[in-house]
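Structure assessment
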Amino acid sequence: MDTQITAKLKINKPASEVFDAIIDPVKIGHFWFSSSSERWQQGKSITVKYDEYNAEGILNVLEIEENKKIVFSWGGETNEETVVAITLNEPDHLSTIVEVYESGLDESDPEAVSKMLGQKEGWIYMLTCLKGYLEHGITDLRASLIH
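Because the structure is predicted, anything quoted here is derived from the model rather than measured.

**Examining the environment of Asn-54**
Following the sequence through the fold, Asn-54 ends up in the loop between strand S3 (45-50) and strand S4 (55-65). Of the residues examined, Asn-54 reaches a relative accessible area of 75% and is grouped as exposed.

**Quick notes on a nonpolar patch on the surface**
On the surface, Met-1, Val-113 and Leu-117 cluster together into a nonpolar patch covering about 320 Å² of accessible area. Locating Leu-117 in the fold gives a position in helix H2 (residues 112-136).

**So, the UniProt feature "domain: Activator of Hsp90 ATPase homologue 1/2-like C-terminal" (unreviewed entry) in the chain**
Residues annotated by UniProt as "domain: Activator of Hsp90 ATPase homologue 1/2-like C-terminal" (unreviewed entry) correspond here to residues 14-135. The span residues 14-135 is 27% helix and 37% strand, and its two end C-alpha atoms sit 11 Å from each other.

**Section: helix H1 (residues 15-23)**
Within H1, seven of the nine residues are buried, leaving the element largely enclosed by the surrounding structure. Among all positions in H1, only Ala-15, Val-18, Phe-19, Asp-20, Ala-21, Ile-22 and Ile-23 are buried. Along its buried surface, H1 packs onto strand S1 (5-11), S4, strand S5 (69-74), strand S6 (82-92), strand S7 (95-103) and H2.

**Some words on the environment of Lys-27**
Here Lys-27 is to be found in the loop between H1 and strand S2 (35-36). Taking relative accessible area as the criterion, Lys-27 reaches 30% and is therefore assigned partly exposed. A C-alpha to C-alpha distance of 9.6 Å links Lys-27 and Thr-139, two positions 112 residues apart in sequence. Apart from the residues lying within four places of it in its own chain, the contact partners of Lys-27 are Asp-20, Ala-21 and Tyr-133.

**Here we look at the sheet that holds S7**
Reading across the sheet, the seven strands line up as S1-S7-S6-S5-S4-S3-S2 and stay open at both edges, with antiparallel pairing between neighbours. The sheet is open, and its two borders are formed by S1 and S2, each paired with just one other strand. For S6 and S7, the ladder comprises eight bridges, and the chain directions are antiparallel. Bridging from a neighbouring strand, Val-84 pairs with Glu-102 of S7.

**Some words on the pattern of salt bridges**
Any two side chains of opposite charge can pair, given that their charged atoms come close. With the rule as written, the count across this model stands at 10 salt bridges. With a closest N to O distance of 3.3 Å, Glu-38 and Lys-44 form a salt bridge. Relative accessible area serves as the criterion here: at 28%, Glu-38 is assigned to the partly exposed category. Between Lys-69 and Glu-63 there is a salt bridge; the shortest N-O distance is 3.8 Å. When its relative accessible area of 29% is taken as the criterion, Glu-63 is described as partly exposed.

**Here we look at the side chain of Glu-99**
In this fold, Glu-99 is placed in strand S7. Residue class for Glu-99 comes out buried when judged on its relative accessible area of 11%. Side chain to side chain, Glu-99 and Asn-89 meet in a polar contact 2.9 Å long. Dropping the residues within four chain positions of it, Glu-99 is found in contact with Ala-7, Lys-8, Ala-85, Ile-86, Thr-87 and Asn-89.

**Section: the side chain of Ser-36**
Within the fold, Ser-36 resides in strand S2. Polar contacts involving the side chain of Ser-36 include one to the side chain of Trp-40, which spans 3.0 Å.

Conventions adopted
- Residues numbered from 1 in each chain as written.
- Predicted model: local features only at pLDDT ≥ 70, side-chain atom pairs only at ≥ 80, totals over all residues.
- Heavy atoms only, no water.
- Helix = DSSP H or I, 4+ residues; strand = E, 2+ residues; numbered from the N terminus.
- Buried < 20%, exposed > 50% of the residue type's maximum accessible area, 1.4 Å probe, protein only.
- Patch = residues over 30% accessible without salt bridge, like charges linked within 9 Å, V, L, I, M, F, W, Y side chains within 5 Å.
- Areas by Shrake-Rupley, 256 points an atom, 1.4 Å probe, with all protein chains shown as cover.
- Salt bridge = Lys/Arg side-chain N within 4 Å of Asp/Glu carboxyl O.
- UniProt positions renumbered as here; feature names shortened; annotations may be inferred.
- Contact = heavy atoms within 4.5 Å.
- Pairing = 2+ DSSP bridges.
- Polar contact = N/O pair within 3.5 Å; in protein donor to acceptor, adjacent residues only side chain to side chain.

Structure representation (structure tokens):
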């Protein structure tokens, strides 16, 4: 079974603005995590927090290609480490196609399908919040999803 998760959304902003929103520790708090310990750079371990859920985790930034790609691993502290690749494709200077690929879920896990659906939901939600933030300045969608 292929356990890769894919999510994709068009954002009507240049790739440089999308990229900066993801790696900037202040901007990320407007659409994704409550906070990020520092600006994301290749080789760095970043602590991210969700204050609303009293949760935090570590992201290991594996690769950064400015305005094009961000690759990180997470979940290692729970022995469920996955790798996430976020690619930014700019078809013109006014919009960006953001694609998220997450791989590494254990296909033998009896909960694999449920975890895949949860991750897919999370990525679509994050991308929707990112779109709302960058296109319309909406900062209160983040952490509004109720489980």
